[in-house]
Amino acid sequence: MGRILLRVLRAVPVPLALIAMIGLAGAVLGRVYAGPLLTRLVLGAAVGSVLVGVAARRLPSWLVAPVSVLAMTGWTAWSLRLTATRAELPGGLAEVTVDAAANGIPRLLTAMIPVEPTPDTVLVPVVAAWLAGLAGAEVALRAGRVLLGFLPPVLLYAAALYVVGPNADPAIGPTLAFVAVAVLGLAVPAGGAATAGVDPAAGLAPAVRAAVQARLAAASAAGLAVVVGLVALLGPLLAGQVDGRPVDPRRYVEPPQVETLDENPLIRISGWALNPGQQLLDVRTERSAQSGPTPGREAEPGSGPEAGPDAARRPVPIRLAVLSDYDGVTWRVGATYRNAGRILPTTAPAPDSTVETVRQEITVAGLSGRLLPAVATPREVTGARVAYDPTTGTLIRPEGLAPGLRYTVNSAVEVPDFNLLSTADVPAGEDVARVLRVADGVPDPLRRLAAQLAESNGAPYARAAAVEQFLAEHYRLVADAPSGHAYPNLNFFLFGPRNGGGQRGTSEQFAAAFAVLGRLTGLPTRVVVGFRAADDGPVRAGDAYAWPEVLFEGLGWVPFDPLPRPDEEPRPVEEDFRPTPEDPPPSEVPEPTAEPTVSPEPVAAPGDPTGSGWPPAVLLVGGGAGGILLLVVAALSTLLMLRRARTRARLERGDPGQRIVGAWREVTDALRLAGRPVGGDQSASEVAAHARRVFADARGGSPGPPTDPAATAGSTPVGTAARDVVAGAGDLDARLAELAGLLNQMAFAPGTATAEQAARAVRTADDYVTALRAARPWWRRVLWSVRPGPLRWHR
């Protein structure tokens, strides 16, 4: 009985060590999650996988993996259902599982911190933890190779540290505990009481025994020398990284992006104004009592959409987008959206501000794009998967809006104490340089007007109020003004002759003019696009408008309303300012569009080394080789899937303009993979000509002089079959020129591409890449699809 008990006691530490090590990996990863749910799910996966391995020790080794995977499926399904229920996600378990499996890794790496446990953010950690427990239990318990069996938990722990990166404090405590658990697990003999303390050379002839002992001593000395050498070699390198900042893998993954239509929603206001009856949304609002001091500001110039003593009784504006970047031609969103859960990050309200909780149920009708309307500042969203930018407090739905979409938003509406505005200062420095930037090319009349308004108004609020009052008193609000807010458009709006269409515009021109004049007077400004409608009922296109905001220290962003009062006739501008008249510019100004960049990098999951069988030496070699092979296969498979997913995302998703840009990237990536990269200063036409030359070289049987060192080694002549593929590619020369023309069209006339043009661009890219790949030697064709370069190249 005592021997059995001793054997059990010796068998328990290794499984416990495996569970503890995997659980610590979950605890490290859980530091960037909201709440302890992720850590508990990972710990449950560790317990389940190791217990299945312990219970199945007497089963054939080939049967253990299917049994464990079946148990893993059950645990994973339960975890996904639990997290989907907590996050109040719509859809059944099958739909949620498919979506999580397809988007788990990118959403995990683009999620906002703290990450809410949702099906797509817990699937990968739970599955990786279970596989690590399965592999570790099989190798450590069945084969008795404890050190090798601890490798999967070590890889899992390293992966958790990498994913967390600099987004949490150093994991010193968990790391020391991890090492201590591993040491305790290794200190227990793997063979139990029956083999503990047994001399492996006992019973042998003296000469053979001496030889065995000598070999064991030599092996031990060699192992010790290797360990000491590694410590000496890697110790200084690792010590130098102690105070370094960890790499954040999120910077390699492109976060959710807005569509071209949403990049500048300001230009949509004139279109909405011409069709004011179009229903865009349906809103139901519940408003709670205000908390904090009640603002006592009187109605005066400078009162924004939420200001005034009766602000609590006014409808709350619904924000669609915040535009902070202006290049003299276009105001752009410029936000960085991160996938978020139901609960959004909160920030402390400004001192002495009034905070009101507003709950809205919004149903989408005719509004398109990805921008998700919500009252500022959203705190909780249910009914839709969202991405959030905490800097602007705006939301997007990465899948895009669709008629009938219904979601609920709880927002904290913050109204500062307007009595403090007269003495408030505005911030300066690098943190606000973005909203202070004045692009080159400001017309001289704009500068003169800004100087005149600031000359007699020294305080920041006085300058803002002067700009607001000037616009409200001198200009007319109309619905049929052409869209445009570039410098020439604003110059004509402010100073053009009234009988020629000047001095009149939509809220687009009023908000843009205020923001530009404000920046010229030293005020940090931005433009907001949204809707002003009743708390309950339909929101129509005529309710859309834009307003400017100014940033004040201690008060935050304060809205202003430069629109004229309905019962006031505007005074002629010439009474207060006399610039040199200029001819009106065209309503449409080309918008330079820079090709977006992507720099994703794959994240490899931990391997799944398994081993069984005897003798031990064969097991050790076979298990190690098999584990390495599985890791290589898994890494190559992951790269292949990421490459294909990237290609599908470029060529199949988004609007026609995005697909054309994606087709162009496929062509430039193919040139780089072929060792003939393009220069960063080349135009689209020059790149197309370069691509045609590369294609001509490939068709003639010569790949040309490679510039990539990786493409130089081992080059071989193109085979006959490859030449046939290249020769059958058709009129690629003309099609490449057409693709370059489409790219230029997207740069100077965004939003004009058709689905047919996008389809031709996709076919051209696909044919060109296929032909260029076929011209490579066979082994380069194999490596073509798994090279990680296209996932990380900056363009």
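Source: prediction; values computed, not measured.

We now examine the pattern of salt bridges. Taken as a whole and assessed by the stated rule, the structure comprises 24 salt bridges. Close ionic contact of R107 with E399 constitutes a salt bridge, the shortest N to O distance being 3.4 Å. Highlighted residues: R107 in helix α5 (residues 93-110) and E399 in the loop between β11 (394-396) and β12 (406-415), separated in sequence by 292 residues. A relative accessible area of 12% places R107 in the buried class. When salt bridges that share partners are traced, they join D99, R107, D120, R385 and E399 into one network.

Another aspect to go through is the layout of surface pockets. When its volume is computed, the second largest pocket comes out at roughly 890 Å³. If you trace the second largest pocket, you find 37 residues lining it, with T377, T391, R526, G556 and W557 closest to the centre. Sorting the residues of the lining of the second largest pocket by element identifies β12, β17 (544-552) and β18 (556-559) as the ones contributing at least two each. Per-element accounting of the lining of the second largest pocket gives the leading share, four residues, to β12.

Moving on to the sheet that holds strand β9 (residues 378-382). Overall, antiparallel pairing links the five strands, which are arranged β9-β12-β6-β1-β16 in an open sheet. The two strands at the open ends of the sheet, each matched to only one other strand, are β9 and β16 (537-540). The average angle at which neighbouring strand axes cross in this sheet is 30°, direction not considered. Taken together, the four bridges between β9 and β12 define a ladder with antiparallel strand orientation. By the bridge assignment, E380 is partnered in β12 with N410.

This part covers the side chain of R526. Structurally, R526 is set in strand β15 (residues 525-531). Polar contacts involving the side chain of R526 include one to the side chain of E549, which spans 2.9 Å. Contact partners of R526, with chain neighbours within four places excluded, come to R319, V322, L323, S324, W331, T391, T392, W547, P548, E549 and W557.

With that settled, the discussion passes to the nonpolar core. Judged by nonpolar contacts, the single largest core of 87 residues is most densely connected at L281, W331, L367, L494, F531 and F552. Looking at this core, the element that brings in the most residues is helix α16 (residues 507-520), giving eight residues. Among residues more than four places away in sequence, those in contact with F552 are L421, A424, D425, V426, P427, P460, Y461, V558 and F560. Within the second largest apolar cluster, 49 residues are counted, among which are V42, L109, V115 and V122.

Reading guide: rules and limits
- Residues numbered from 1 in each chain as written.
- Predicted model: local features only at pLDDT ≥ 70, side-chain atom pairs only at ≥ 80, totals over all residues.
- Heavy atoms only, no water.
- Salt bridge = Lys/Arg side-chain N within 4 Å of Asp/Glu carboxyl O.
- Helix = DSSP H or I, 4+ residues; strand = E, 2+ residues; numbered from the N terminus.
- Buried < 20%, exposed > 50% of the residue type's maximum accessible area, 1.4 Å probe, protein only.
- 1 Å grid on protein atoms, 1.4 Å probe; cavity = no way out; pocket = protein on both sides within 12 Å on 5 of 7 lines; lining within 4 Å.
- Points joined across faces, edges and corners; volume = space filled by probe spheres on them.
- Pairing = 2+ DSSP bridges.
- Axes fitted to C-alpha atoms, helices over the stretch in contact; angles between N-to-C directions.
- Polar contact = N/O pair within 3.5 Å; in protein donor to acceptor, adjacent residues only side chain to side chain.
- Contact = heavy atoms within 4.5 Å.
- Core = buried A, V, L, I, M, F, W, Y, C linked by side-chain atoms within 4.5 Å.

Everything listed here is a matter of geometry and, on its own, says nothing about what the molecule does.
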